[in-house]
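# Commentary on secondary and tertiary structure
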Amino acid sequence: MRICIISGSPKGEESITLQYVRFIEQAFPEHTFPIVHAGRDIKKLEGEQEAWDEALAKIQDSDGVFFATPVYFMLVPGQLKRFIELVFERNAAPAFSQKYSAALTTSIHFFDHTAHSYLHGISEDLGMHHAGLYSAHMEDLKSEDEQMRLLLFFSDYLDAISEKRAIPREYLPLPKVSPSYNPSTQSTGVDTHGKRVVILHDARNGSDQQAMVRQMAALFDGKATVADIRDSMMKGGCLGCCRCAFDNTCVYRDGFRDFWDKYVVPADILIMAGTIQDRYLSATWKQWNDRSFFNGHVPALKGKQVGYLVEGPLAHLPNLREVLEARAMIGGANLVGIVSSEAGNRAHIDAALAALAERSIRLADQGYIMTETFSAIAGRKLFRDEIWAHMRAIFQADDRYYRSHGYYDFPTKNYLQRIGTRAFSLFLCIPGVRMKVKKDMVSYMVRPLQEVVQKSRVIKEWRARKQ
Ligand SMILES: Cc1cc2nc3c(=O)[nH]c(=O)nc-3n(C[C@H](O)[C@H](O)[C@H](O)COP(=O)(O)O)c2cc1C
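Residues numbered from 1 in each chain as written. Predicted model: local features only at pLDDT ≥ 70, side-chain atom pairs only at ≥ 80, totals over all residues. Heavy atoms only, no water.

### With respect to the sheet that holds strand 7 (residues 225-228)
Read from one edge to the other, the open sheet built from five strands follows the order 7-6-8-9-10, with strand pairing classed as parallel. At either end of the open sheet lies a strand with only one pairing partner, and these are strand 7 and strand 10 (334-340). The sheet shows a mean angle of 15 degrees between the axes of neighbouring strands, taken without regard to direction. As defined by bridge partners, strand 6 (residues 197-201) adjoins strand 8 (residues 269-275) across four bridges and the pair is classed as parallel. When the sheet's bridge partners are listed, Val-198 is paired in strand 8 with Leu-270. (Pairing = 2+ DSSP bridges. Helix = DSSP H or I, 4+ residues; strand = E, 2+ residues; numbered from the N terminus. Axes fitted to C-alpha atoms, helices over the stretch in contact; angles between N-to-C directions.)

Right, dumping it as structure tokens:
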């Protein structure tokens, strides 16, 4: 069989992910593996018809399409995102249609699931049967157990093709949402209380995104700074070279860093506006997010109030919502809200934008940051472990930050707690004590919290403040 590999890494032949493909190639010499270097060759594919036709012919002539890509910012690299956009823009879906697809990623498993959901949805939008995923930690190939797992996975994928396996569609097609938001001209402005408000966007003329951005700026009484991310003059997407890891300096000499320093760093309130293209925002936003990788694995939006304005069928894309929410939360920001124009009801969108503006100022005044949920907490622990275990040799800037901000908070370091827990566990070996604790388990757990409710100093202060 011919399995067309769509490689997402900008590193081309030096891609870590591609080594997994080379491994498969060695194990299945009876099959051929033409490669489309979507990540490396995106400029050529976009600009040169011949290169595009050649890539499409490889896909067309294959029995299966196999995405092999690194995870970048919870999705695929901006370069691969652009390739996917081109497929839709150039009506190239028939080259993929009815084929069997599968996806292999390498990463450190931070939001690999959202990258896979995206590729799964895209595969189905292109009319393919998505046969499965393989999510490798970038080092996995060194392990023989993982090598075997990879071969079993790939052999199952080949079986899916040869037996024409019935695979139910998981992601419903997205509804078309046409621009229809025409904001009210009678909005009441919000006093920004001296807070710096920045609205970043990539709106096209006449789009709902543009209408929402204008309305949002008007709500801040013209005090918000509005900037188009295309004006950051990026020369290209992140190259994955990781040279920024030592001291947060990117190899590109273009306008991105100045743009970041000018707009993102000083913002107290950061509103990001985008339009859904396929199952994410635009490839420009994706590239812009990838380029912010120079910050490393630190909360680069710490203390900010973040809001999103989204044009398109967001209610049908929980995966995109998860990515947007996680970006804010893991960035250390407070997610004030996401307003989407899909409702199409002017009064409703007006009111949602007004609430977003008002709350962002109020919450900035109060210094409120939402509680973290699983993804942010688990994500930070994952970074902590990965950076401490080996990445800190290269990611020295992260290491410095983690040390100075107490991020290396392994429970093993809390000796008092360890001794206490061990002593308590030994104590529970005494049958009488264990019986008593079992009997009183519920009240034992709740008692300390009941005491807080009774005696909290914060409640007293809060009440005094309100009088
Ligand atoms: C810009 C950028 C963003 C990344 N984002 C993620 C991420 O969201 N989750 C993750 O687990 N790893 C992330 N990584 C790590 C890569 O996925 C990992 O290094 C991958 O193995 C690189 O594969 P490649 O050599 O094929 O490009 C990121 C790396 C870069 C350079």
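From this point, the narrative continues.
### Some remarks on the site of the ligand
Near the ligand, the surroundings consist of 20 residues, among which Ser-9, Ser-15, Thr-17, Val-71 and Thr-106 are the closest. Ser-9 is positioned with one of its side-chain polar atoms (N or O) 2.7 Å from an oxygen atom of the ligand. One of the backbone N or O atoms of Ile-16 is found 2.7 Å from an oxygen atom in the ligand. Every element with two or more residues in the shell around the ligand is listed here: helix 1 (16-27) and strand 4 (100-107). Of the residues belonging to the shell around the ligand, the class tally is eleven nonpolar, seven polar and two charged. (Near = heavy atom within 4 Å. Polar contact = N/O pair within 3.5 Å; in protein donor to acceptor, adjacent residues only side chain to side chain. Nonpolar A, V, L, I, M, F, W, Y, C, P; charged D, E, K, R; others polar.)

### Things to note about the side chain of Ser-456
Here Ser-456 lies in the loop between helix 16 (441-455) and helix 17 (457-466). The class of Ser-456 is buried, set by a relative accessible area of 17%. In terms of polar contacts, Ser-456 uses its side chain to reach the backbone amide nitrogen of Val-458, at 3.1 Å. (Buried < 20%, exposed > 50% of the residue type's maximum accessible area, 1.4 Å probe, protein only.)

### Focus: the environment of Leu-320
For Leu-320, the location among the structural elements is in helix 10 (residues 318-330). C-alpha of Leu-320 to C-alpha of Tyr-280: the two residues are 40 residues apart in sequence and 6.0 Å apart in space.

### Structural notes on the sheet that holds strand 3 (residues 64-70)
If you trace the five strands from one edge of the open sheet to the other, you get 2-1-3-4-5, paired in parallel fashion. Because the sheet does not close on itself, it has two edges, and the strands there are strand 2 (35-36) and strand 5 (129-137). Pairing of strand 3 with strand 4 involves seven bridges; the strand directions are parallel. Within strand 4, the residue paired with Gly-64 across the bridge is Tyr-100.

### Some remarks on the domain arrangement of the chain
Segmenting the chain into domains produces domain 1 (3-162), domain 2 (197-366) and domain 3 (414-467). Centre-to-centre separation of domain 1 and domain 3, based on C-alpha positions: 51 Å. (Domains from an automatic or database assignment.)

### A few points about a nonpolar patch on the surface
A cluster of nonpolar side chains, Phe-424, Phe-427, Ile-430, Met-441, Val-442, Tyr-444 and Met-445, forms an exposed patch at the surface whose accessible area comes to about 680 Å². Mapped by element, the contributors of at least two residues to the nonpolar patch are helix 14 (415-427) and helix 16. Here the nonpolar patch takes four residues from helix 16, the largest share from any one element. Position of Ile-430 relative to the elements: it lies in the loop between helix 14 and helix 15 (431-439). The class for Ile-430 is partly exposed, based on a relative accessible area of 43%. (Patch = residues over 30% accessible without salt bridge, like charges linked within 9 Å, V, L, I, M, F, W, Y side chains within 5 Å. Areas by Shrake-Rupley, 256 points an atom, 1.4 Å probe, with all protein chains shown as cover. Salt bridge = Lys/Arg side-chain N within 4 Å of Asp/Glu carboxyl O.)

### A word on the packing of aromatic side chains
Applying the stated rule across the entire model yields 25 aromatic pairs. When the centroid spacing of 4.7 Å and the interplanar angle of 55 degrees are considered together, the rings of Phe-259 and Tyr-263 count as tilted. One end of the pair, Phe-259, and the other, Tyr-263, are both in helix 8 (residues 256-264), four residues apart, so they sit about a helical turn from each other. Grouping residues by exposure puts Phe-259 and Tyr-263 together as buried. Ring plane angle 5 degrees and centroid distance 6.3 Å describe the contact between Tyr-408 and Phe-410, whose orientation is recorded as stacked. Here Tyr-408 falls in the buried class, since its relative accessible area comes to 7%. Joined through ring pairs, the aromatic side chains of Phe-28, Phe-33, Phe-66, Tyr-134, Phe-153, Phe-154 and Tyr-157 make up one cluster. Across the ring face of Trp-52, the terminal group of Arg-90 is positioned such that the distance to the ring centre comes to 4.8 Å. (Phe/Tyr/Trp six-rings, centres within 6.5 Å; stacked < 30°, edge-to-face > 60°. Lys NZ or Arg CZ within 6 Å of the ring centre and 35° of its normal.)

### Re helix 5 (residues 112-125)
Between its first and last C-alpha, helix 5 extends 20 Å over 14 residues, near the 20 Å set by a 1.5 Å rise per residue. Of all the 14 residues making up helix 5, twelve are buried; the element is thus mostly covered by neighbouring parts of the structure. Residues of helix 5 that are buried: Asp-112, Thr-114, Ala-115, His-116, Ser-117, Tyr-118, Leu-119, His-120, Gly-121, Ile-122, Ser-123 and Glu-124. Packed against the buried residues of helix 5 are strand 3, helix 4 (78-89), strand 4, strand 5 and helix 10. (Expected span 1.5 Å × (residues − 1). Contact = heavy atoms within 4.5 Å.)

### Examining the pattern of salt bridges
Inspection of the entire model under this criterion finds 28 salt bridges. In this structure, Arg-82 engages Glu-46 in a salt bridge whose closest nitrogen and oxygen atoms are separated by 2.8 Å. One end of the pair, Arg-82, is in helix 4; the other, Glu-46, is in helix 2 (residues 42-47), and 36 residues separate them in sequence. By relative accessible area, Arg-82 is classed as buried at 17%. When its relative accessible area of 34% is taken as the criterion, Glu-46 is described as partly exposed. For Glu-124, the salt bridge goes to Arg-169, with nearest N and O atoms at 3.8 Å.

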